Amino acid sequence: MLNRIFFVCLSLSLYSAGSSLSCRWIMDHKFRQHSENSLALLDTMANNSTNTTEDAEVEDTVAFPNLLYRQASKASAEDQLAFTVQILNETAALFEEDHSSASWEENTVEDFVNVVTRQADNLRSCIRSHGHKTNKKLQMYFMKLSSHVIKKMGHSAEAWELIRKEIKTHLMRADQLVSSLLTTN
């Protein structure tokens, strides 16, 4: 009898340890709340913006990394979380650049960076093995956003509006990626 109880407890602990849902921060929908908050802040930036970029798209210079998202969606739960953490960290770093030409309120940008950073930090705590390598292709993509869009366009308001739209797409895709972990377990 004692052996059966021990076996059941052991089985349950091994199952929960292998499950991506063992991350309470995701299970409690905190990631989703932070995602909604960061997207709302991006929308606030758009509403405060006087920038016009109706015809221009980032894709003219830097293609969106759809393939990287497809690869990440097929990876292990831990790798998906690590990919999402990298997106959030790269996003925060991008918005640390000189955005003074954008007509955004500074406190809105600071709040956005803080939310995204908090999201990355909490999501990182859900990853058991901290030996995940940086995705070099994703890193290069964000470097291209910085150099081919922001810097080549002189840190202009138009450049930042393009970046804001691109980042909104990233945050929505990252939210989908993490949300898929809740439905697959």
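As the structure is a prediction and not an experimental result, all values here were calculated from the model.

Draft legend 1. Focus on the pattern of salt bridges. Under the definition given, this model contains five salt bridges. Between aspartate 121 and arginine 124 there is a salt bridge, and its shortest N-O distance comes to 2.9 Å. Note that aspartate 121 and arginine 124 are positioned in helix α6 (residues 106-124) at a spacing of three residues, about one turn of the helix. Judged by relative accessible area, which is 30%, arginine 124 ranks as partly exposed.

Draft legend 2. Looking closely at the side chain of threonine 91. Relative to the helices and strands, threonine 91 resides in helix α5 (residues 77-94). Every residue in contact with threonine 91, bar those within four places of it in the chain, is listed here: Phe112, Val116, Phe142 and Ile167.

Draft legend 3. Broad picture of the layout of surface pockets. There is about 400 Å³ of room inside the largest pocket. Taken together, 21 residues line the largest pocket, and the ones lying closest to its centre are Ala82, Phe83, Gln86, His132 and Lys133. Among the elements of the structure, α4 (66-73) and α5 are those that each provide at least two residues to the lining of the largest pocket. Top element by residues in the lining of the largest pocket is α5. It accounts for eight residues. The residue makeup of the lining of the largest pocket, split by class, is seven nonpolar, 10 polar and four charged.

Draft legend 4. Highlighting the packing of aromatic side chains. Applying the stated rule across the entire model yields nine aromatic pairs. Judged by centre distance (5.9 Å) and plane angle (20 degrees), the rings of phenylalanine 95 and tryptophan 104 are stacked. Across the pair, exposure class does not vary: phenylalanine 95 and tryptophan 104 are buried alike. Members of the aromatic cluster, joined through ring pairs, are Phe64, Tyr69, Phe83, Tyr141 and Phe142. The ring of tyrosine 69 carries arginine 173 above its face, with NZ or CZ at 4.5 Å from the centroid.

Draft legend 5. Representation of unusual backbone geometry within the structure. Unlike most non-glycine residues, histidine 29 shows phi in positive territory, near 65 degrees. Secondary-structure assignment places histidine 29 in the loop between α2 (24-27) and α3 (30-47). Non-glycine residue histidine 155 carries a positive phi angle of around 55 degrees. Relative to the helices and strands, histidine 155 resides in the loop between α7 (136-151) and α8 (157-183).

Draft legend 6. Geometry of α4. Taken as a whole, α4 has its buried residues at Leu68, Tyr69 and Ala72. Around the axis of α4, the buried residues are gathered within 100 degrees of arc, so they sit on the same side.

Draft legend 7. Spotlight on a negative patch on the surface. Residues Glu96, Glu106, Glu110 and Asp111 make up a contiguous surface patch of negative charge. Its location among the elements puts glutamate 106 in helix α6. Under the relative-accessibility criterion, glutamate 106 is labelled partly exposed at 42%.

Draft legend 8. Focus on the packing of α4 against α8. As a packed pair, α4 and α8 sit with axes 11 Å apart at the nearest point and diverge in direction by 15 degrees. One finds that α4 runs roughly parallel with respect to α8. The hand of the α4/α8 crossing is right-handed. Of the residues in α8, those touching α4 at Asn66, Tyr69, Ala72 and Ser73 are His170, Arg173, Ala174 and Leu177. Taken together, the residues of the contact of α4 with α8 sort by class into four nonpolar, three polar and one charged.

Draft legend 9. Focus on the environment of leucine 181. Along the chain, leucine 181 falls in helix α8. You can call leucine 181 buried: its relative accessible area is 4%. Taking the C-alpha atoms as reference points, leucine 181 and serine 73, separated by 108 residues in sequence, lie 9.4 Å from one another.

Definitions and limits used
- Residues numbered from 1 in each chain as written.
- Predicted model: local features only at pLDDT ≥ 70, side-chain atom pairs only at ≥ 80, totals over all residues.
- Heavy atoms only, no water.
- Salt bridge = Lys/Arg side-chain N within 4 Å of Asp/Glu carboxyl O.
- Helix = DSSP H or I, 4+ residues; strand = E, 2+ residues; numbered from the N terminus.
- Buried < 20%, exposed > 50% of the residue type's maximum accessible area, 1.4 Å probe, protein only.
- Contact = heavy atoms within 4.5 Å.
- 1 Å grid on protein atoms, 1.4 Å probe; cavity = no way out; pocket = protein on both sides within 12 Å on 5 of 7 lines; lining within 4 Å.
- Points joined across faces, edges and corners; volume = space filled by probe spheres on them.
- Nonpolar A, V, L, I, M, F, W, Y, C, P; charged D, E, K, R; others polar.
- Phe/Tyr/Trp six-rings, centres within 6.5 Å; stacked < 30°, edge-to-face > 60°.
- Lys NZ or Arg CZ within 6 Å of the ring centre and 35° of its normal.
- Arc of directions from axis to C-beta.
- Patch = residues over 30% accessible without salt bridge, like charges linked within 9 Å, V, L, I, M, F, W, Y side chains within 5 Å.
- Areas by Shrake-Rupley, 256 points an atom, 1.4 Å probe, with all protein chains shown as cover.
- Lys, Arg positive; Asp, Glu negative; His and termini not counted.
- Charge placed at Lys NZ, Arg CZ, Asp CG, Glu CD.
- Axes fitted to C-alpha atoms, helices over the stretch in contact; angles between N-to-C directions.
- Parallel < 35°, antiparallel > 145°, perpendicular 65-115°, else oblique.
- Left-handed = near helix turned anticlockwise from the far one by under 90°.

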